[in-house]
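Residue strings, one per chain:
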Amino acid sequence: MIIIDLEWNRSYDKIPLEEILQIGAVRIDRLGGPILDTFTVFIRPRVHKKFNRTAKTLPELQRSQRSTVDFPAALRSFSAWCAGETVFADWGGDDFEVLRQNCAYWNLSAPRPVQLIDLQAAFSLRLGTSQGLALYRAVEYCGIPAPFTYHNALNDAMYTALVSAWIPPETLSLLCYPKEVRR
């Protein structure tokens, strides 16, 4: 299983693209399992000239601005690192869609997972709520030490992997039901 996290910029111009600035990912063999490998790449922005308020606060924004890696090269590296993995997860369900948008913009093939898991929704089910918790709140709830900054894609992917230990595998089967039925 690959847990992915992205940091991106949605600028004020007319191009409807959340431009990826960093890809972070970890590989685990099961929910709550040990982190087997990590991946991160900072991507030089090429589409939007200005940063929105959220992107301006990213702790690693300068690393993206100084990067020489463009999105097509980053995707090639990420795809090679994934090595045919077919199960992907993220916190909130948005990251993979943003990855697909960027692939479409650059006319590249996106990874084709067999299963996409929204671990935020699964964790919320575990807590018996339909409200999504911010990742830092889930980390606090689980009592996980948080020595690394949030909103760094690799750090957030690692925190998500650690929180996944609190999600029983049977909870994932509930995600296939509509939200109204899950409650």
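See the structure printed just above.
(A) Fine view of the overall build of the chain. Helix and strand counts for the chain stand at 9 helices and 5 strands. The C-alpha radius of gyration computed for the chain amounts to 16 Å, which stays within 12% of the reference 16 Å derived for 183 residues, consistent with globular compactness. C-alpha extents for the chain along the principal axes are approximately 45 × 35 × 30 Å. Split into buried and exposed, the 183 residues of the chain put 48% on the buried side. Contacts in the chain between residues at least 24 apart in sequence constitute 65% of all its contacts with a sequence separation of at least 6. Total accessible area on the chain is roughly 9,800 Å²; 51% of this is exposed by carbon and sulfur atoms. Of the charged side chains in the chain, 20 are positive and 19 negative, and the gap between their average positions amounts to 6 Å.

(B) Region of the structure containing the side chain of N152. Mapped onto the secondary structure, N152 falls in the loop between α6 (135–142) and α7 (153–163). One polar contact links N152 to Q22, side chain to side chain, over a distance of 3.4 Å. At 3.1 Å, the side chain of N152 forms a polar contact with the backbone nitrogen of N155. Contacts of N152, omitting those with residues within four sequence positions, involve E7, Q22, F42 and E60.

(C) Examining the packing of helix α3 (residues 71–82) against helix α4 (residues 95–105) more closely. Interaxial distance between α3 and α4 falls to 10 Å at its minimum, and their mutual angle equals 125°. The angle between the axes of α3 and α4 places the two elements in the oblique class. For the element pair α3 and α4, the recorded crossing hand is left-handed. Listed contacts from α4 to F71, L75 and F78 of α3 are L99, N102 and C103. In terms of residue class, the contact of α3 with α4 is made up of 5 nonpolar, 1 polar and no charged.

Rules behind the numbers
- Residues numbered from 1 in each chain as written.
- Predicted model: local features only at pLDDT ≥ 70, side-chain atom pairs only at ≥ 80, totals over all residues.
- Heavy atoms only, no water.
- Helix = DSSP H or I, 4+ residues; strand = E, 2+ residues; numbered from the N terminus.
- Rg over C-alpha atoms; globule rule 2.2 N^0.38 Å.
- Buried < 20%, exposed > 50% of the residue type's maximum accessible area, 1.4 Å probe, protein only.
- Contact = heavy atoms within 4.5 Å.
- Areas by Shrake-Rupley, 256 points an atom, 1.4 Å probe, with all protein chains shown as cover.
- Lys, Arg positive; Asp, Glu negative; His and termini not counted.
- Charge placed at Lys NZ, Arg CZ, Asp CG, Glu CD.
- Polar contact = N/O pair within 3.5 Å; in protein donor to acceptor, adjacent residues only side chain to side chain.
- Axes fitted to C-alpha atoms, helices over the stretch in contact; angles between N-to-C directions.
- Parallel < 35°, antiparallel > 145°, perpendicular 65-115°, else oblique.
- Left-handed = near helix turned anticlockwise from the far one by under 90°.
- Nonpolar A, V, L, I, M, F, W, Y, C, P; charged D, E, K, R; others polar.

Scope: geometric values only; no functional claims are made or implied.
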